[in-house]
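Remarks on the overall topology
Listed here are the chains, written in short residue letters.
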Amino acid sequence: MKKVSFTLAAAGMFVLGTTTASAAMLQEEAAAEASKGFTQVLKEQFIQGGPAFMGIVLLCLILGLAVAIERIIYLNLATTNSAKLKQQVEDALASGGVEAAKEVCRNTKGPVASIFYQGLDRAGEGLESAEKAVVAYGGVQMGQLEKNVSWLSLFIAIAPMLGFMGTVIGMIQAFQKIAAVGNLSASLIAGDIQVALLTTVFGLIVAIILQIFYNYIIAKIDSIVNDMEDSSISLIDMLAAHKK
């Protein structure tokens, strides 16, 4: 009886020790996972997604960010103090005439100054010619503001599509393995499904990042275009007053 009790006690101690060790190992693994930084986890998940589709998705992000940064820099440089420019042009018209106003516009950067210069350059041909020049050159400047923005919208559309394509291909591979083996095993298809879902996640992340930049750029363009239109009307009014 004592031997049986001793055996049961020893077995209990062994099971308890094994359970404690397993729990300690799980806690250590959880702590190791928690200690990993966000970039490290992102890198590991990116590698697990596979180089084929993840590389193309990453290329979309790099090219999209390059276009977005270039446009943001260009638009910020194109933003000018239109109220100050209008006042300077009006003062120049009153003191030195059209040539003095053209000199002010020539020394000022931005689409508004360029439009002013074209309108002043045609002022000698009449208000109608000046207005046509302002409208025509305004269209040219608007095209310059919107340059390459269509590429950004293309990358926003392509990135999630590539992710979804990777998901579909991963699911196809998973079902092909099931068909080849003949039974359904979670461990057999878990890897393919994980890769499939990772491509979708990263495609959506890229699209979200680029969409934020796209909306900012569009809002900036709309602001500059509205400023151009308002300033163009002010220029025609100033020329009309100068002709009197």
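An account of the accompanying structure is given in this report. (Residues numbered from 1 in each chain as written. Predicted model: local features only at pLDDT ≥ 70, side-chain atom pairs only at ≥ 80, totals over all residues. Heavy atoms only, no water.)

Looking at the overall build of the protein chain
Within the protein chain one finds 8 helices and 0 strands. Along the chain direction, N to C, the helices and strands of the protein chain fall in the order α-α-α-α-α-α-α-α. For the protein chain, buried positions account for 30% of its 244 residues. Taking the intrachain contacts of the protein chain between residues at least 6 apart in sequence as the baseline, contacts between residues at least 24 apart amount to 77%. (Helix = DSSP H or I, 4+ residues; strand = E, 2+ residues; numbered from the N terminus. Buried < 20%, exposed > 50% of the residue type's maximum accessible area, 1.4 Å probe, protein only. Contact = heavy atoms within 4.5 Å.)

Examining the layout of surface pockets
When its volume is computed, the largest pocket comes out at roughly 240 Å³. Together, 13 residues line the largest pocket, and Val134, Val135, Met228, Glu229 and Ser232 are the ones closest to its centre. Of all the elements in the fold, those that place two or more residues in the lining of the largest pocket are helix 6 (127-145) and helix 8 (186-243). When grouped by side-chain class, the residues that make up the lining of the largest pocket number 8 nonpolar, 3 polar and 2 charged. (1 Å grid on protein atoms, 1.4 Å probe; cavity = no way out; pocket = protein on both sides within 12 Å on 5 of 7 lines; lining within 4 Å. Points joined across faces, edges and corners; volume = space filled by probe spheres on them. Nonpolar A, V, L, I, M, F, W, Y, C, P; charged D, E, K, R; others polar.)

Focus: the side chain of arginine 71
As for its position among the elements, arginine 71 is in helix 3 (residues 51-78). The buried category is assigned to arginine 71, whose relative accessible area is 2%. Within the structure, arginine 71 has its side chain in polar contact with the side chain of glutamate 70 (distance 2.9 Å). Look past the residues within four positions of arginine 71 in its chain and what remains in contact with it is Gln144, Leu145, Glu146, Lys147, Val149 and Ile217. (Polar contact = N/O pair within 3.5 Å; in protein donor to acceptor, adjacent residues only side chain to side chain.)

Points about the side chain of lysine 86
Examined against the element boundaries, lysine 86 turns out to sit in helix 4 (residues 82-106). On the accessibility criterion, lysine 86 (18% relative accessible area) is buried. Once you skip the residues sitting within four places of it in the chain, lysine 86 turns out to touch Phe116, Asp230, Ser231, Ser234 and Met238.

Overview of a nonpolar patch on the surface
A cluster of nonpolar side chains, Phe164, Leu204, Ile208 and Ile212, forms an exposed patch at the surface whose accessible area comes to about 400 Å². At 3 residues, the largest contribution of residues to the nonpolar patch is made by helix 8. With a relative accessible area of 53%, isoleucine 208 lands in the exposed category. (Patch = residues over 30% accessible without salt bridge, like charges linked within 9 Å, V, L, I, M, F, W, Y side chains within 5 Å. Areas by Shrake-Rupley, 256 points an atom, 1.4 Å probe, with all protein chains shown as cover. Salt bridge = Lys/Arg side-chain N within 4 Å of Asp/Glu carboxyl O.)

Here we look at the packing of helix 4 against helix 5 (residues 111-121)
It is at 11 Å that the axes of helix 4 and helix 5 come closest, and there the two elements cross at 30°. Taken together, helix 4 and helix 5 sit at an angle that is classed as roughly parallel. Where helix 4 crosses over helix 5, the handedness of that crossing is right-handed. Residues Ser82, Leu85, Lys86, Val89, Leu93, Val98, Ala101, Lys102, Cys105 and Arg106 of helix 4 form the contact with helix 5, whose participating residues are Val112, Ala113, Phe116, Tyr117, Leu120 and Asp121. Here the contact of helix 4 with helix 5 is built from residues that sort into 11 nonpolar, 1 polar and 4 charged. (Axes fitted to C-alpha atoms, helices over the stretch in contact; angles between N-to-C directions. Parallel < 35°, antiparallel > 145°, perpendicular 65-115°, else oblique. Left-handed = near helix turned anticlockwise from the far one by under 90°.)

Description of the pattern of salt bridges
Following the criterion strictly, the structure yields 7 salt bridges and no others. Linking glutamate 99 and lysine 102 is a salt bridge whose minimum nitrogen-to-oxygen distance equals 3.7 Å. Separated by 3 residues within a single helix, glutamate 99 and lysine 102 lie in helix 4, roughly one turn from each other. Since its relative accessible area comes to 54%, glutamate 99 is described here as exposed. By relative accessible area, which is 8% here, lysine 102 ends up buried. A salt bridge links aspartate 121 to lysine 102, with the shortest nitrogen-to-oxygen separation between them at 3.0 Å. Highlighted residues: aspartate 121 in helix 5 and lysine 102 in helix 4, separated in sequence by 19 residues. The partly exposed category is assigned to aspartate 121, whose relative accessible area is 33%.

What to know about the packing of helix 5 against helix 6
At their nearest, the axes of helix 5 and helix 6 sit 8 Å apart, and the two run at 150° to each other. By the angle class used here, helix 5 and helix 6 are roughly antiparallel. Between helix 5 and helix 6 lies a crossing whose hand is right-handed. Side by side, helix 5 and helix 6 meet where Pro111, Ser114, Ile115, Gln118 and Gly119 of the first sit next to Ala130, Ala133, Val134, Tyr137, Gly138 and Gln141 of the second. In the contact of helix 5 with helix 6, the residues fall into 6 nonpolar, 5 polar and no charged.

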